[in-house]
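# Structural description and commentary
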Amino acid sequence: MSPPSLFHRLLVANRGEVAVRIARACDALGVEPVFAYSEADRDAPYLAGRRRVCLGPGRASESYLDPRRLVQAAKNTDCSALHPGWGFLSENAAFASLCEAHGVTFIGPPAHVMHLMGTKSPAKRAMREAGLRVIPGSDGPVTSDEQARAVAEEIGLPLLIKAESGGGGRGMKIVRDLDQLSQALADARREGLAFFGDPSVYIERLLEGGRHIEIQVMADRYGNVCHLGERDCTIQRNHQKLIEESPSPALDPEERERTLALAVQATRQIGYVGAGTLEFLLDTSGDAPVLRFMEMNTRLQVEHSVSEVRSGVDLVTEQIAVAAGRPLSFSQQDVTLSGHVIECRINAEDPADGFRPCPGRIERWVTPRTGDGRIRVDTHVTSGYTIPPHYDSLICKLIASGPTREAATQRMLEALAELEAEGIRTTQPLHQAILSSEDFRANRYDTTRLPTFTLSAS
Amino acid sequence: MSSRLHAERRQALVSRLDDGELELRSPTVALWRGAPQPGTVITQQGSLGELEVLGVLSPLVAPAGVSGVVTGEARRGAAAKRPVEYGEVLLRLAPLGALGNAEERAPGEASASTASWVFRAPTSGRFYVRPAPDQPAFVTEGAHIERGHTTCLLEVMKTFNRIQLSGDELPQKVRVLRIVPADGDDVEQGDPLLELGPA
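Calculation notes
Residues numbered from 1 in each chain as written. Chains lettered and ligands numbered in written order. Predicted model: local features only at pLDDT ≥ 70, side-chain atom pairs only at ≥ 80, totals over all residues. Helix = DSSP H or I, 4+ residues; strand = E, 2+ residues; numbered from the N terminus. Rg over C-alpha atoms; globule rule 2.2 N^0.38 Å. Buried ≥ 20, exposed ≤ 12 C-beta atoms within 10 Å, placed from the backbone. Contact = placed C-beta atoms within 7 Å. Nonpolar A, V, L, I, M, F, W, Y, C, P; charged D, E, K, R; others polar. Pairing = 2+ DSSP bridges. Expected span 1.5 Å × (residues − 1). pLDDT = per-residue confidence, 0-100. Axes fitted to C-alpha atoms, helices over the stretch in contact; angles between N-to-C directions. Parallel < 35°, antiparallel > 145°, perpendicular 65-115°, else oblique. Left-handed = near helix turned anticlockwise from the far one by under 90°. Domains from an automatic or database assignment.

## Quick notes on the overall build of chain A
When you go through chain A residue by residue, the secondary structure sums to 13 helices and 22 strands. In terms of overall size, chain A behaves like a compact globule, its C-alpha atoms giving a radius of gyration of 21 Å where 458 residues would be expected to give roughly 23 Å. Here the C-alpha coordinates of chain A stretch approximately 60 × 50 × 45 Å along the principal axes. Burial statistics for chain A: of 458 residues in total, 55% are counted as buried.

## Considerations on the interface of chain B and chain A
Listed by partner, the interface residues are 17 residues for chain B and 22 residues for chain A. Counted by class, the side of chain B that touches chain A contains nine nonpolar, five polar and three charged residues.

## Quick notes on the sheet that holds strand E15 (residues 159-164) of chain B
Residue and element names in this part refer to chain B. Pairing is antiparallel in the open sheet, where four strands are placed in the order E15-E14-E12-E17. Here the strands that pair on one side only, and so sit at the sheet edges, are E15 and strand E17 (186-187). The pairing of strand E12 (residues 125-128) with strand E14 (residues 150-156) spans three bridges and is antiparallel. Opposite Arg126, over in E14, you have Glu155 as the bridge partner.

## Brief notes about helix H7 (residues 181-196) of chain A
Residues and elements named next belong to chain A. Between its first and last C-alpha atoms H7 spans 21 Å; for 16 residues at 1.5 Å apiece the expected length is 22 Å, and the two agree. Residues of H7 that are buried include every one of Leu181, Ala184, Leu185, Ala188, Arg189, Glu191, Gly192 and Phe196, and no others. Those residues of H7 hidden inside the fold are in contact with helix H6 (145-155), strand E6 (159-167), strand E7 (170-175) and strand E8 (201-205). Positive phi appears at Gly197, one or two residues downstream of H7, with a value of about 70 degrees.

## Observations concerning the confidence of the model for chain B
Residues and elements named next belong to chain B. Confidence in the prediction for chain B averages 82 pLDDT; 84% of positions are at 70 or higher. Scored below 50 in pLDDT, residues 98-112 shows four contacts in the model against residues more than four places distant or in partner chains. We note a pTM of 0.82 for the whole complex and an ipTM of 0.79 for its interfaces.

## Observations regarding the environment of Leu17(B)
In this fold, Leu17(B) is placed in the loop between strand E2 (13-16) and strand E3 (22-25). With 34 residues separating them along the chain, Leu17(B) and Leu51(B) place their C-alpha atoms 24 Å apart.

## Comments concerning helix H1 (residues 16-29) of chain A
Residues and elements named next belong to chain A. The terminal C-alpha atoms of H1, which comprises 14 residues, lie 21 Å apart, in line with the 20 Å expected from a rise of 1.5 Å per residue. Where burial is concerned, most of H1 is hidden: 10 out of the 14 residues are buried. Taken residue by residue, H1 has Gly16, Glu17, Val18, Ala19, Val20, Arg21, Ile22, Ala23, Ala25 and Cys26 as its buried positions. Backbone geometry just downstream of H1 places Gly30 in the positive-phi region, at approximately 80 degrees.

## Quick look at the packing of helix H11 (residues 405-418) of chain A against helix H12 (residues 428-436) of chain A
Residues and elements named next belong to chain A. Packing of H11 against H12 brings their axes to within 10 Å, and their N-to-C directions diverge by 150 degrees. The orientation of H11 relative to H12 falls into the category roughly antiparallel. As for the relative orientation of H11 and H12, their crossing is left-handed in sense. Along its contact with H11, which presents Thr409, Met412, Leu413 and Leu416, the element H12 presents Gln428, His431, Gln432, Leu435 and Ser436.

## Remarks on the packing of H1(A) against helix H10 (residues 315-323) of chain A
To characterise two packed helices, one gives the angle between the axes of the helices and the distance between these axes. All names here are of chain A. One can describe the packing of H1 onto H10 by two numbers: an axis separation of 9 Å at closest approach and a directional angle of 65 degrees. On the basis of their axis angle, the class for H1 and H10 is roughly perpendicular. The chirality of how H1 crosses H10 is right-handed. Counted together, Arg21, Ile22, Ala25, Ala28 and Leu29 of H1 and Val316, Thr317 and Ile320 of H10 form the full contact between these two elements. Per-class residue counts for the contact of H1 with H10 are six nonpolar, one polar and one charged.

## Observations concerning the domain arrangement of chain A
All names here are of chain A. Considered domain by domain, chain A is made up of domain 1 (9-107), domain 2 (136-205) and domain 3 (211-442). A separation of 23 Å is found between the C-alpha centroids of domain 1 and domain 3. If you look at the interface, domain 1 gives 28 residues, while domain 3 gives 22 residues. Grouping the constituent residues of the side of domain 1 that touches domain 3 by class yields 16 nonpolar, six polar and six charged.

## Looking at the domain arrangement of chain B
Domain assignment breaks chain B into domain 1 (10-94) and domain 2 (117-198). Averaged C-alpha coordinates put domain 1 of chain B and domain 2 of chain B at centres separated by 39 Å.

## Remarks on the pairing of E12(B)
Where E12(B) and E17(B) come together, two bridges link them in antiparallel fashion. Residue pairing across strands places Arg126(B) opposite Asp186(B), the latter belonging to E17(B).

## A few points about the sheet that holds strand E19 (residues 375-379) of chain A
In any sheet, the strands associate via hydrogen bonds between backbone groups, in a parallel or an antiparallel arrangement. Residue and element names in this part refer to chain A. With antiparallel pairing, eight strands are arranged side by side in an open sheet as E13-E12-E9-E10-E11-E14-E21-E19. Each end of this open sheet is capped by a strand with a single partner; those strands are strand E13 (290-297) and E19. If you compare each strand with its neighbour and ignore which way they point, the axes differ by 25 degrees on average. As judged from the nine bridges shared by strand E9 (residues 211-219) and strand E12 (residues 274-283), these two strands associate in the antiparallel manner.

## A look at the environment of Ser331(A)
All names here are of chain A. Relative to the helices and strands, Ser331 is located in the loop between H10 and strand E14 (340-347). Using a count of 10 C-beta atoms within 10 Å as the deciding quantity, one classes Ser331 as exposed. Between the alpha carbons of Ser331 and Gly16 there is a distance of 32 Å; along the sequence they are 315 residues apart.

## Comments concerning unusual backbone geometry
Residues and elements named next belong to chain A. The omega torsion across Leu157 and Pro158 is -10 degrees, close enough to zero to call that bond cis. Among the secondary structure elements, Pro158 is positioned in the loop between H6 and E6. The omega angle of the peptide bond from Ser246 to Pro247 is 0 degrees, so this bond is cis rather than trans. Even without being a glycine, Asp78 presents a positive backbone phi close to 55 degrees. By the secondary structure assignment, Asp78 is in the loop between helix H2 (67-76) and strand E4 (81-83). Located in the positive-phi region is Phe88, a residue other than glycine, with phi close to 40 degrees. Along the polypeptide, Phe88 turns up in the loop between E4 and helix H3 (93-101).

Spelled out as structure tokens, the structure:
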């Protein structure tokens with residue numbers, strides 16, 4: 001029996017670097033991508049010469065976040081599948097259901113699994129039952145200040161309030177003093193509602209000084225589940241990841257092997273299909289460091305490229321093939337994780353001015369050489385591109401590899417030196433400072449404390 | 001299933017062309033049915049057919065103040081569904097002389113503003129007058145505020161920024177004469193946020 005045929009046409013329900021990444025996979029598979037775009041992205045270079053459909057005005061709620069417009073756009077252009085990318089509606093189970101109801105294949109896990117993992121409290125429960133360790137916290141969402149206070153008194157300060165339907169660091173508030181509790185709850189609820197359409201929040205003990213480590217998994221409809229190793233995303237600012245690397249320089253081999261195996265088992269147990277990430281915190285507060293499950297992202301992530309480079313697996317083409325009903329093209333034995341890989345996120349933000357977002361026109365844009373196969377550049381911008389104020393500030397990802405961490409770091413520093421972005425401020429100098437610092441090389445940092453560095457005044 | 005849900009009316013988007021004709025555009029991604037034939041006179045709020053979004057039909061109408069006669073050649077099969085995208089041109093209307101829509105518009109700039117100072121947006125973004133939907137506004141017209149007072153939230157690239165009143169030329173205390181953008185408006189860097197007078 002021949003494998004199920006792929007989609008003829010696929011709607012790219014995203015923008016920027018994400019849209020470019022999905023289209024690359026479509027091109028490789030011979031699937032025609034159709035770009036859904038907003039008026040603010042009308043002149044984006046990646047749309048030139050492509051089949052496309054305008055969704056609405058620049059504001060996301062009337063374009064990239066409007067489920068009905070997206071599904072109708074897929075229908076209008078005869079797309080039998082839709083790729084949500086990451087961000088926007090990628091973790092919205094109701095959107096996945098809407099796609100299926102109208103005969104459009106949603107590239108992602110089944111809606112019920114998405115819903116289970118998207119609501120954070122049931123996800124924690126499912127993962128605990130699958131054998132993973134979790135972070136102590138409220139049993140489900142908290143609905144009142146009084147209940148929150150009771151949880152706080154039980155598990156102790158400091159606390160982290162998190163949006164039940166959240167992710168990506170949005171809708172999270174730290175509480176160190178019980179007097180701050182009701183204000184923090186209100187703030188987290190507001191952000192949860194603004195970003196995820198759900199004001200419910202839950203509480204966890206804030207584990208400070210840990211490392212953020214996540215495991216990439218890929219599953220098909222036939223129960224085959226593989227992992228592509230872990231990523232260390234400890235270098236963050238305000239819960240926004242800046243640098244990701246694999247393997248983690250902080251994880252001992254025993255805890256790695258144990259958790260990778262459990263992650264695969266848990267993924268299979270919940271009936272997961274597609275690309276997913278299990279996020280953990282490496283809790284160093286006890287005698288031996290322990291990975292504690294935080295949440296599962298039921299989508300591709302920004303930093304998926306790190307695992308792609310290290311494993312040689314194209315996660316987006318696998319996603320599309322799996323959604324079409326094909327089995328995984330590889331098994332765990334086929335996966336060889338080689339060398340060390342580092343990714344830097346280049347954001348249009350000014351690190352010298354409190355990371356102020358810097359929308360505006362890029363006068364000149366030059367990306368580093370990639371000829372030696374050790375640098376990958378994922379971007380959607382070009383010279384003359386104007387970054388709209390409506391969306392995320394990520395404009396480029398640089399991914400460097402080498403046989404060792406030192407070699408990958410050195411190669412990344414060369415690439416950063418070659419990157420030119422005139423007309424806007426970016427996080428480029430921040431990355432140069434971090435990667436050059438003694439703390440980075442000696443591995444002295446955690447999620448709350450960037451490696452110590454000095455930003456040269458520019 | 002023959003019964004169909006009917007949703008609220010949608011108004012077409014309008015742009016005025018140099019030759020005086022009007023272009024009516026689709027307000028969303030949809031299937032457009034029942035397009036009026038050339039020669040049809042469209043009055044304001046008049047029917048332009050229906051928009052179908054995921055099986056739900058909405059009457060499509062001309063916005064208030066827009067009327068004219070549909071120009072162009074008659075198309076066969078105009079009653080069939082046509083897939084349209086947001087902003088796609090649906091019809092052109094030639095103005096009807098007799099109806100003579102008023103062309104006058106409000107002057108572009110606020111006339112004879114009495115403001116002593118204008119506080120402008122430090123960055124482009126979306127303007128919010130209150131910290132949360134159920135909370136009071138940061139400032140109200142007529143209020144006295146001091147430098148450093150939070151005036152609004154600007155949402156820039158998914159980040160909410162509290163914007164404090166600042167400006168070298170401002171006295172320590174001022175009175176708010178007018179809040180310029182409406183809540184939820186998109187503003188550009190340098191757009192006026194507040195018109196201010198002496199306290």
